[in-house]
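Here are the chains, one letter per residue:
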Amino acid sequence: MFTDAHVWEGTARRLTAAGAQVRAVTLAGPGRPRAGDGPEPDAGAHAEAEADLETHIEEVCAAIDAVTGAPGGTGGTGGTGIVLVGHDYGVHPVLGAADRRAERVARIVCVDAGLPQDGVPPLAAVPDQSVRALPAEEAAAGTTAGVLPPPGREEWTRWGSTAGVSEEALDRLTARAAPQPLGTLLRPLRLSGAAAAVPTTGVLCTANGVGIDMVQRLVDLGDPALRALTGPGVTFFELPTGHWPMLSCPEDLAGVLLRAAAGEGHRLTPPGASGTPAHLHPFPLPVPELPRERRGNVDFYFPRPGGTKGVKGAEGVDGPRPAVVFVHGGPVPAGAEPSPRDWAVLAGHARYAAGQGAVGVTVEHRLHDVADYPRAAGDVAAAVDLVRADPRVDGDRIALWFFSGGGPLLADWLAKPPAWLRCLAAAYPVLAPLPNWGMSADSRFHPVRALADAGQAPPPLVLLRVGLESPEIAATVSGFLAAAGEREAEVRVVDVPHGHHGGGPGDPEEEWRGAVREAVRAVLDRLDA
């Protein structure tokens, strides 16, 4: 989006030096070079704001035909060795063109981009959530009038991480930026299915927030739309850079593109093919067999009559008990089976807390996409109200425990902690929006900033941290602990030194047992305070 072929110049030079033929395509839009206006563009015959996704697909088809000859005609150099490379929005016209010229395309390469679905407009993949909020009726009508202004120099991070991009390159990117026709975002992509047979490679830029391990975890969650990523013709590469690798590391990107063209790369495994996924691992500690009481999206696990020694004063007491509310991470695909409340690790935490004398509670919320945090926050707040209203619960002694991608939901409770909230806990959490989420700088779901800016002292915090966390998530945890230090907040950090995010088949079981036991103990101690 907003760019022309100039962004590919450095990568194109290196590919050409390696013996490849390279054509960089400028897609139609106001302020972009028309064909013949410069040395690089190979297309771009339309410059009107009315250009839409179909216009761009036709331009990529024209670029293919210029090399191989038009369908049913003559001309071109022939051959079927076309590798179509799409960056970000560009993957939509690339996939649309591959669908129409599938017999001529050897491979599709998606550079830091998702794999679009039939019938879904590119707007759904835009990271900037303020742009995603374009009027629904405008999108539904397929309006093509109007343009989206290009970002200013300090606004590019709303579209992806600029890690690795030099100041000079960022200046040039900004100077050359052009408006994006709205029709390119609002018109649904239509696919016949032919492109599904074309081998595909994803190049993931890890500084933008996603790596191969994270994609594998998403596949393991069972989203049918992601199962195609485990096919034999699909490979992946990582680059340790931001969203613009053609600007930050053009030589490395060129090398990856050549390897992709040769069919190399990492292959994902189907769900369950390489062992139990992390989110379905059994809870590491023995738990009592307690009945589950389900009320809407909330599951209660109550201690056995008589209590235990885990909670102060619980022995022999059958009155109201403190509660620990466990909130799963995400995003989790809608309709995932089993659903989060039935994950052994989530229910196991609740049963274990109940075995220690507290009421263990799990909440299932509707975080299916990064745009769903407001809805998920509402689900959690309503669930907490339901828990506190139960006469078997001591409503003045509540702890909230968030996992993984549920971490941003901490922000509301840090910003304005109620008196009855005795403790906040988080296990291997994401504690600030990742770059590719497209959240604005003032996003509500930013625990680091919420902690730093809160008008009152936060409740005690318990943080379970894994030593083998992804660098992008680990950076959010470090930022959070730094903010906690500035606020002189009470934070108990419990480490799993050799643990991965969410746990894994190779993780040391004893480390996890000890860490979970210690973290739960720390939360219960704060409920007793």
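Right above here is the structure, for reference.
Cut-offs used in this document
Residues numbered from 1 in each chain as written. Predicted model: local features only at pLDDT ≥ 70, side-chain atom pairs only at ≥ 80, totals over all residues. Heavy atoms only, no water. Buried < 20%, exposed > 50% of the residue type's maximum accessible area, 1.4 Å probe, protein only. Helix = DSSP H or I, 4+ residues; strand = E, 2+ residues; numbered from the N terminus. 1 Å grid on protein atoms, 1.4 Å probe; cavity = no way out; pocket = protein on both sides within 12 Å on 5 of 7 lines; lining within 4 Å. Points joined across faces, edges and corners; volume = space filled by probe spheres on them. Nonpolar A, V, L, I, M, F, W, Y, C, P; charged D, E, K, R; others polar. Polar contact = N/O pair within 3.5 Å; in protein donor to acceptor, adjacent residues only side chain to side chain. Pairing = 2+ DSSP bridges. Axes fitted to C-alpha atoms, helices over the stretch in contact; angles between N-to-C directions.

*Asks:* Would you mind going over helix 3 (residues 91-100) with me for this structure?
*Replies:* Side chains that are three or four residues apart share a direction in an α-helix, a result of its 3.6 residues per turn. With nine of ten residues buried, helix 3 lies mostly within the body of the structure. Where helix 3 is concerned, the buried positions are Val 91, His 92, Pro 93, Val 94, Leu 95, Gly 96, Ala 97, Ala 98 and Asp 99.

*Asks:* Just checking my understanding: could you explain the layout of surface pockets for this structure?
*Replies:* Gaps left between atoms are located by rolling a probe of water-molecule size over the structure's atoms. Space inside the second largest pocket adds up to approximately 1100 Å³. Lining of the second largest pocket is provided by 45 residues; of these, Arg 23, Ala 24, Val 83, Leu 84 and Val 85 occupy positions nearest its centre. For the lining of the second largest pocket, the secondary structure elements donating two or more residues are helix 1 (9-17), helix 2 (53-68), strand 1 (82-87), helix 3 and helix 10 (250-261). Class assignment of the residues belonging to the lining of the second largest pocket gives a composition of 27 nonpolar, 15 polar and three charged.

*Asks:* Would you take a moment to explain the side chain of Ser 339 for this structure?
*Replies:* Relative to the elements of secondary structure, Ser 339 occurs in the loop between strand 9 (321-327) and helix 11 (344-355). Only 3.3 Å separates the side chain of Ser 339 from the side chain of Glu 364, close enough to count as a polar contact.

*Asks:* So what exactly am I meant to see when it comes to the sheet that holds strand 5 (residues 200-205) here?
*Replies:* If you walk across this open sheet you meet the four strands as 1-2-5-6, and the pairing is parallel. Edge positions in the sheet fall to strand 1 and strand 6 (234-239), since each of these pairs with one other strand and no more. The sheet shows a mean angle of 20 degrees between the axes of neighbouring strands, direction not considered. As defined by bridge partners, strand 5 adjoins strand 6 across six bridges and the pair is classed as parallel. In the strand pairing of strand 6, Thr 201 is matched with Thr 235.

*Asks:* Explain empty space enclosed by the protein here, please?
*Replies:* Considering all chains together, one arrives at two cavities of 30 Å³ or more under this definition. Taken as a whole, the largest cavity encloses approximately 60 Å³ of empty space. In terms of lining, the largest cavity is formed by Met 1, Phe 2, His 87, Asp 88, Trp 156, Trp 159, His 243 and Trp 244. Split into classes, the residues belonging to the lining of the largest cavity amount to five nonpolar, two polar and one charged. Estimated volume of the second largest cavity: approximately 50 Å³. Surrounding the second largest cavity, Leu 410, Leu 424, Ala 425, Ala 426, Leu 431, Leu 461, Val 462, Leu 463 and Phe 480 form its lining. Secondary-structure elements contributing two or more residues to the lining of the second largest cavity are strand 12 (421-427) and strand 13 (461-468). Looking at the lining of the second largest cavity residue by residue, the classes come out as nine nonpolar, no polar and no charged.

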